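# Tertiary structure, described
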There are 2 protein chains.
Amino acid sequence: MPRPLIDLLWRDHPDAPAGGSRGPRASVSTGTVVAAAIRLADADGLGAVTVRRLAGELGVSTMSVYTHVNSRDDLLVLMADAVHGQLDRPSYGRLGWRARVRRLAEANLALLQAHPWLHEVRDDRTALGPGTIAKYDHELRALTPLGLDPVTCDAALTFVLDFVRAGARSLAPRPHAAELAEHWPEWGPRLAAYLGEDHPLAQEVGAAAGAAHDGATDPSFAWDFGLARVLDALAALT
Amino acid sequence: MPRPLIDLLWRDHPDAPAGGSRGPRASVSTGTVVAAAIRLADADGLGAVTVRRLAGELGVSTMSVYTHVNSRDDLLVLMADAVHGQLDRPSYGRLGWRARVRRLAEANLALLQAHPWLHEVRDDRTALGPGTIAKYDHELRALTPLGLDPVTCDAALTFVLDFVRAGARSLAPRPHAAELAEHWPEWGPRLAAYLGEDHPLAQEVGAAAGAAHDGATDPSFAWDFGLARVLDALAALT
DNA sequence: CGATACGTTGTACGGCGTACAGAGTTCATC
DNA sequence: GATGAACTCTGTACGCCGTACAACGTATCG
């Protein structure tokens, strides 16, 4: 089924090419492949989404996956668009722009926490999908009260979402945190010895920030701080 | 040479363990390996930095690389720290915080444009390296005029750098832009047909933003917009 | 002179994405 | 009802990847 990606993205649309009726009925579909891949990625990360493992999960042979999806890269696009489409998009009602942007940020944070692998999917073709477009439309609506022209409005949304992505990323489990933590008892003192009295500002701030990060202070301090700054930044536009 | 990463990072420090004097003189060093890897990554992207290719470039066998670097993941940390260390760090002099933050942003943009593969290196262990620490120290100095407490200062720097990273990323060549452009003549109309009259706001803004992005309007609009917002956001702190 | 520590190398293993050729199944058509 | 096209599914194979491991060569130390 080498249907082009655009048709796979829109496979649920009434006008999407249906695929002929000949041949054995498919035991899985593009939709089930994508759903299984999402399940895998949610559970074990994007690295676990290999064609072989996915096929095993679905109970088909490795190469059968390629009947329903053109490549692994295409699969990632389909996965991202699928989770974008599953978001609910409640009307903003009478909410002012601040509350809307807050909602927008928190919804995206929740999305990225539910599907941390989204951080690793950076493919412009995702923007062609129905889920991604619906998300975009809904998020633009959060900014309409600001009365910006289209290009500025897009830039403002990008600004907010870029902050959310970065914030979500630093809230997420870090890739090599384990190694660092494991060797820290040995490396910490060694680092201190190398540093000596150099870079006192970095040492002071780094120590304070480090203590705050895994100490009593809220580790989401940076998130709250950043979101407040984003709102300040947009306020300056009005 | 299974010296731990921390010692490889600080290999130029006088107190760094030197390694015994027995055995044949090494034909390459950790430094030359890292330099060659950076050259490769700058030229052909991180994907080109394979141990085999790197060894070929250095004129040694594949496995010899592991004499000077513990693993590919470690190598990425060493590469990132090396380019961080090569930045120059001119004193900010009498500059006010706005000009400092501008400089900071532009220096990091230049860094990420010179070494786009930095976007793909996300390893907390980089923070242990002398180059990264020196960079951190210098960047904190940009924010001192704001008179923030340490934790807030760190959060503010993170806020700025996260914006810069996102902005640099969207200015950089996109991974699958080629495929998109290639199929666009066919996919564009098909997408329009699927969309119909739906999501008029997304269609309007998307079209305007798309036209601005590759049209007469500066493609760096989002950068200028974002940087202005970041400055507004920090201004609200004072 | 060993003995020792170190650099270098080739082989091999288990993974990956996927090209390709063939076999089996269903349907439209004659 | 037979035929062939369209379709799904499968196994094999290729060329990559990172790297564990063992063998070998070489320079210095005791």
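Cut-off values and rules
- Residues numbered from 1 in each chain as written.
- Chains lettered and ligands numbered in written order.
- Predicted model: local features only at pLDDT ≥ 70, side-chain atom pairs only at ≥ 80, totals over all residues.
- Heavy atoms only, no water.
- Helix = DSSP H or I, 4+ residues; strand = E, 2+ residues; numbered from the N terminus.
- Contact = heavy atoms within 4.5 Å.
- Least-squares fit on C-alpha atoms with pLDDT ≥ 70 in both.
- Domains from an automatic or database assignment.
- Buried area = accessible area lost by both parts, 1.4 Å probe.
- Salt bridge = Lys/Arg side-chain N within 4 Å of Asp/Glu carboxyl O.
- Nonpolar A, V, L, I, M, F, W, Y, C, P; charged D, E, K, R; others polar.
- 1 Å grid on protein atoms, 1.4 Å probe; cavity = no way out; pocket = protein on both sides within 12 Å on 5 of 7 lines; lining within 4 Å.
- Points joined across faces, edges and corners; volume = space filled by probe spheres on them.
- Polar contact = N/O pair within 3.5 Å; in protein donor to acceptor, adjacent residues only side chain to side chain.

## Thoughts on the environment of Ala82(B)
All names here are of chain B. Tracing the backbone shows Ala82 in helix α5 (residues 72-86). Linking Ala82 and Gly31, residues 51 residues apart in sequence, is a C-alpha distance of 9.0 Å. When sequence neighbours within four positions are dropped, the list of residues in contact with Ala82 reads Val34 and Ile38.

## Description of the relation of the copies chain B and chain A
Relative to chain A, chain B is turned by 180° and slid 0.0 Å along the rotation axis, the superposed coordinates differing by an RMSD of 0.0 Å. Viewed as a symmetry operation, the transformation between the two copies matches a two-fold axis. Rotation axis and chain B: the residue whose C-alpha lies nearest the axis is Ala233(B), separated from it by 2.3 Å. The share of interface residues of chain B whose copies in chain A are also at the interface is 98%, consistent with both copies meeting through the same surface.

## Points about the domain arrangement of chain A
All names here are of chain A. Here chain A is partitioned into domain 1 (5-82) and domain 2 (89-238). For domain 1 versus domain 2, the distance between C-alpha centres works out to 30 Å. Taken together, the 15 residues of domain 1 in the interface contact 15 residues of domain 2. Buried surface at the junction of domain 1 and domain 2, both sides included, amounts to about 1,300 Å², of which 68% is carbon and sulfur. Three residues, Trp10, Leu46 and Asp81, lead the burial of domain 1 against domain 2; their summed loss comes to 37% of the area buried on that side. Linking domain 1 to domain 2 there are one salt bridge. In this structure, Arg125 engages Asp74 in a salt bridge whose closest nitrogen and oxygen atoms are separated by 3.0 Å. In terms of residue count, helix α5 (residues 72-86) provides more of the side of domain 1 that touches domain 2 than any other element does, seven residues in total. The residue inventory of the side of domain 1 that touches domain 2, partitioned by class, reads eleven nonpolar, no polar and four charged.

## Re empty space enclosed by the protein
The full count for this structure, using the stated rule, is four cavities of 30 Å³ or more. Taken as a whole, the largest cavity encloses approximately 140 Å³ of empty space. Looking at the largest cavity, the residues that line it are Arg122(A), Asp162(A), Arg165(A), Ala166(A), Arg169(A), Arg122(B), Asp162(B), Arg165(B), Ala166(B) and Arg169(B). Considered class by class, the residues forming the lining of the largest cavity number two nonpolar, no polar and eight charged.

## Regarding the interface of chain B and chain A
Tallying the contact residues gives 64 residues for chain B and 63 residues for chain A. For the pair chain B and chain A, the summed buried area comes to about 6,100 Å², and 74% of that belongs to carbon and sulfur atoms. In this assembly, chain B and chain A are joined by four salt bridges. Between Arg174(B) and Asp124(A) there is a salt bridge whose closest N-O contact spans 3.4 Å. Put simply, chain B and chain A have 16 residue pairs in polar contact (both at pLDDT 80 or more) between them. Counting only elements with at least two residues in the side of chain B that touches chain A, the list comes to α1 (5-9), α7 (130-143), α8 (150-171), α9 (177-195), α10 (200-213) and α11 (221-235) of chain B. Examining the composition of the side of chain B that touches chain A, we find that eleven residues originate from one element, α8(B), more than from any other. Split into classes, the residues belonging to the side of chain B that touches chain A amount to 39 nonpolar, seven polar and 18 charged.

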